[in-house]
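What the coordinates show
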Amino acid sequence: IAHVWKIGEGGQLSKQQTLKHAEQVNCTMFSPDSLLLSTAAADGHVRVYEAGREWDELARLKGHSDEANSVSLACKGARVLLASASDDKTAAVWDLSSVAVALRVAQARAAKGGGGGGGAVPKAPAVAPETSVGDKGDMEGLD
């Protein structure tokens, strides 16, 4: 489980959202534009959520065979990249640009009062790692 907290006036904390996971969450990261929140979990999955009212899960990235233990997000223009690292001794870079574009379009439609779905973000197509760095054979003996 991952909890999202809001800091109010006077430093008061209030729980804004609970994001359920099958196993322990090892790392969380907001995108620089604060539109996305990503989590890395012990089940090897990296999840991407819309940061905001609904906290919809936009993508579940499955590319690690062991615990995912870190995530980092970078945005440049319309390009959104997520890097993840795992106990399987690999790092992966995921291109989330299509997810971010779908989110921005849905938010723009909702702001204009259109879109029919009340701003719901359509599920993005499966996202595959853009680049996988490291080979387990090259990492033998490193812990």
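Residues numbered from 1 in each chain as written. Predicted model: local features only at pLDDT ≥ 70, side-chain atom pairs only at ≥ 80, totals over all residues. Heavy atoms only, no water.

A short note on the side chain of Thr-39
Short version of the rule: Strands are runs of DSSP state E lasting at least 2 residues, helices are runs of H or I lasting at least 4, and numbering of each runs from the N terminus. Type-normalised accessible area, obtained with a 1.4 Å probe on protein chains alone, sets the label of each residue: buried when under 20%, exposed when over 50%, and partly exposed for intermediate values. Only heavy atoms enter the contact rule, under which two residues are in contact if any of them lie within 4.5 Å.
Inspection of the secondary structure assignment puts Thr-39 in strand E4 (residues 36-41). A relative accessible area of 0% places Thr-39 in the buried class. Once you skip the residues sitting within four places of it in the chain, Thr-39 turns out to touch His-21, Val-25, Cys-27, Thr-28, His-45, Val-46, Arg-47, Tyr-49 and Val-71.

Some words on the side chain of Ser-97
To keep it simple, the criterion reads: Each polar contact in these results corresponds to two N or O atoms within 3.5 Å; when the atoms are within protein, one needs to be able to donate a hydrogen and the other to accept it, and residues that are neighboring in sequence are counted only if both atoms are side-chain atoms.
Of note, Ser-97 is situated in helix H1 (residues 97-111). One polar contact links the side chain of Ser-97 to the main-chain amide nitrogen of Val-80, over a distance of 3.2 Å. Ser-97 has contacts with Ala-78, Arg-79 and Val-80, leaving out every residue within four places of it along the chain.

Observations regarding unusual backbone geometry
At Ser-34, a residue that is not glycine, the phi angle is positive and equals roughly 65 degrees. The topology assignment puts Ser-34 in the loop between strand E3 (25-30) and E4. One non-glycine residue, Trp-55, lies in positive phi territory at about 55 degrees. Among the secondary structure elements, Trp-55 is positioned in the loop between strand E5 (45-50) and strand E6 (57-62).

Quick look at a nonpolar patch on the surface
Let me state the cut-off plainly: Nonpolar side chains (Val, Leu, Ile, Met, Phe, Trp, Tyr) within 5 Å and like charges within 9 Å form the patches, drawn only from residues with over 30% relative accessible area and no salt bridge. Using a 1.4 Å probe, the Shrake-Rupley method yields the accessible areas, and only the shown protein chains count as cover for residues. Whenever a carboxyl oxygen of Asp or Glu lies within 4 Å of a side-chain nitrogen of Lys or Arg, that contact is scored as a salt bridge.
The grouping of Trp-5, Ile-7 and Leu-13 at the surface amounts to a nonpolar patch, some 370 Å² of accessible area in total. Relative to the assigned elements, Leu-13 resides in strand E2 (residues 13-19). Overall, the relative accessible area of 57% leaves Leu-13 in the exposed class.

Overview of the pattern of salt bridges
Considering all chains together, one arrives at 3 salt bridges under this definition. Between Arg-79 and Asp-95 there is a salt bridge, and its shortest N-O distance comes to 3.5 Å. A residue pair is termed long-range when its members are at least 10 positions apart, and Arg-79 in strand E8 (residues 79-86) and Asp-95 in strand E9 (residues 91-95) qualify at 16 residues. Arg-79 sits in the partly exposed class, given a relative accessible area of 38%. Each of Arg-47, Glu-57 and Arg-60 takes part in a single network of salt bridges with overlapping partners.

The values are spatial; any link to function lies outside them.
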